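The residues making up each chain are set out below.
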Amino acid sequence: MADGAFGLSEELARETAPVWEKVKGLVTPLEWPEQAKLISEINALKKERDAVILAHNYMTPEIFHGVGDYVGDSLGLAKEAAKSKAKVIVQAGVHFMAETSKILSPEKTVLIPDLRAGCSLASSITGADVRLIKQRYPGLPVVTYVNTTADVKAETDICCTSANAVQVVEWAAKEWGVDKVILIPDEFLARNVAAQTNVGIIAWKGRCEVHERFTAEDIAEMRAAYPGAEILAHPECPEEVLAASDFAGSTAAMIDYVVDRKPKQVVMITECSMASNVKGDVAGVDFIGPCNLCPHMKRITLENIRDCLKYMQFEVTVEPDMAERGRLAVQRMIDLPPPAIPARYDLIKAKHHVDVELI
Ligand code: 13P
Ligand code: SF4
């Protein structure tokens, strides 16, 4: 019997063997036969529908390794949505990501397997809020984290992600000829950017419900228990968490760090699926906790991805005028050159607190 067969037909076992290689140890032999069938069904439906699956790094390993045509961070997924030639995009991620894809590819059908897959950051602010902020700070550029709804993007000058926030803020300040920018809605991302630039930051009190729960005590406990471990944290974490970590970066930057540097022991201060997914791609690295689950990302499953392609549900649309205004902001970000690679491993340059103006 081939490794990973578990009662599957020889053909299905052969077809799914490369995925099994990556996920064994992460899914149980009891779950695998059903997952293998769904993976095969989804991959056939993709061809039939001329569809691609854009999967965020927080997807579970069987989605990440089994059906994602492109896997990556928010920036990578947005870039891929803009250049994909497929007729249909299935967003294996949350709703704001599907809206971003639709904004960038209005001619494509964009589907999300579960419409309830939201985000605490995206729901923290509305387009009307941004209009009021602009009235209060006339002449300042509005930089908006990509984790926002389309109506917020429509009020935005340029979007950013955690991979390029410092670069975008500095670009906007220079372009507008000002020494302050509005960076919304993630308070912690704003504080972390403020610690790395001389540009003044006006921030909003939005939080990621997954990353805000990590504390400096968590890091201190990890250091005491695993003195040799390298600690990587996402910039949506509180600033004292980043200050105590060895590296901060977007989900893709954290993966690159582990793949390139192969630390003996690593702690990923972020969503739980991250460590599981990288485990499938690197051998000899010991991943240790803690991690937190994102309930929104976890709404996406192999079953609802299959149904999404089978029944062409649930379509995500953006009103054309709103999409056009939002596109300018997202496209401006995509058109900036990628951040220099060495800097990505040295994101915590200023381990000091910088005041931001909270709206
Ligand atoms: P990145 O993948 O851009 O780092 O974003 C993390 C996140 O929380 C997305 O919801
Ligand atoms: Fe939103 Fe945080 Fe979940 Fe990402 S991890 S989707 S930022 S709640």
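Residues numbered from 1 in each chain as written. Chains lettered and ligands numbered in written order. Predicted model: local features only at pLDDT ≥ 70, side-chain atom pairs only at ≥ 80, totals over all residues. Heavy atoms only, no water.

S.K.: Any chance you could explain the confidence of the model for the protein chain here in plain terms?
M.R.: Low-pLDDT stretches of the model should not have their predicted coordinates read in fine detail. Averaged over every residue, the pLDDT of the protein chain is 93; the share at 70 or more is 94%. Predicted confidence for residues 341-345 stays below pLDDT 50, and this span has twelve contacts to residues more than four positions away or in other chains. (pLDDT = per-residue confidence, 0-100. Contact = heavy atoms within 4.5 Å.)

S.K.: Is there a simple way to think about the sheet that holds strand β10 (residues 247-248) in this case?
M.R.: As a general point, the strands of a sheet are linked pairwise by backbone hydrogen bonds and lie either parallel or antiparallel. In space, the four strands of this open sheet follow the order β10-β9-β11-β12, with parallel pairing throughout. Since the sheet does not close on itself, it has two edges, and those belong to β10 and β12 (286-288), each with one partner. The sheet contact formed by strand β9 (residues 230-233) and strand β11 (residues 265-269) spans four bridges and is parallel. Pairing of L232 across the sheet is with M268, part of β11. Sheet contacts for helix α10 (residues 216-225): β9, β11 and β12; angle to β9, the most-contacted strand, approximately 160°. (Pairing = 2+ DSSP bridges. Helix = DSSP H or I, 4+ residues; strand = E, 2+ residues; numbered from the N terminus. Axes fitted to C-alpha atoms, helices over the stretch in contact; angles between N-to-C directions.)

S.K.: Would you mind going over the side chain of T270 with me for this structure?
M.R.: Along the chain, the position of T270 falls in the loop between β11 and α13 (272-279). For T270, a relative accessible area of 0% translates into the label buried. Other than its neighbours up to four places away in sequence, T270 contacts Y58, H211, F214, H234, M254, C291 and N292. (Buried < 20%, exposed > 50% of the residue type's maximum accessible area, 1.4 Å probe, protein only.)

S.K.: What exactly am I supposed to notice about the environment of V143 here?
M.R.: Checked against the element boundaries, V143 lands in strand β5 (residues 142-145). Taking relative accessible area as the criterion, V143 reaches 0% and is therefore assigned buried. In the structure, V143 is positioned 16 residues away from C159 in sequence and 5.5 Å away in space, judged by C-alpha atoms. Setting aside its immediate chain neighbours within four residues, V143 contacts I158, C160, V168, A172, V181, I182, L183 and I184.

S.K.: Mind showing me how you'd approach the state of the cysteines here?
M.R.: What is meant by a disulfide is a covalent connection between two cysteines, made through their sulfur atoms. Overall, the coordinates contain one disulfide when judged by the stated rule. Cysteine C159 is unpaired, with the sulfur of C160 as its nearest cysteine sulfur at 7.4 Å. Given the relative accessible area of 0%, C159 is considered buried. (Disulfide = S-S within 2.5 Å.)

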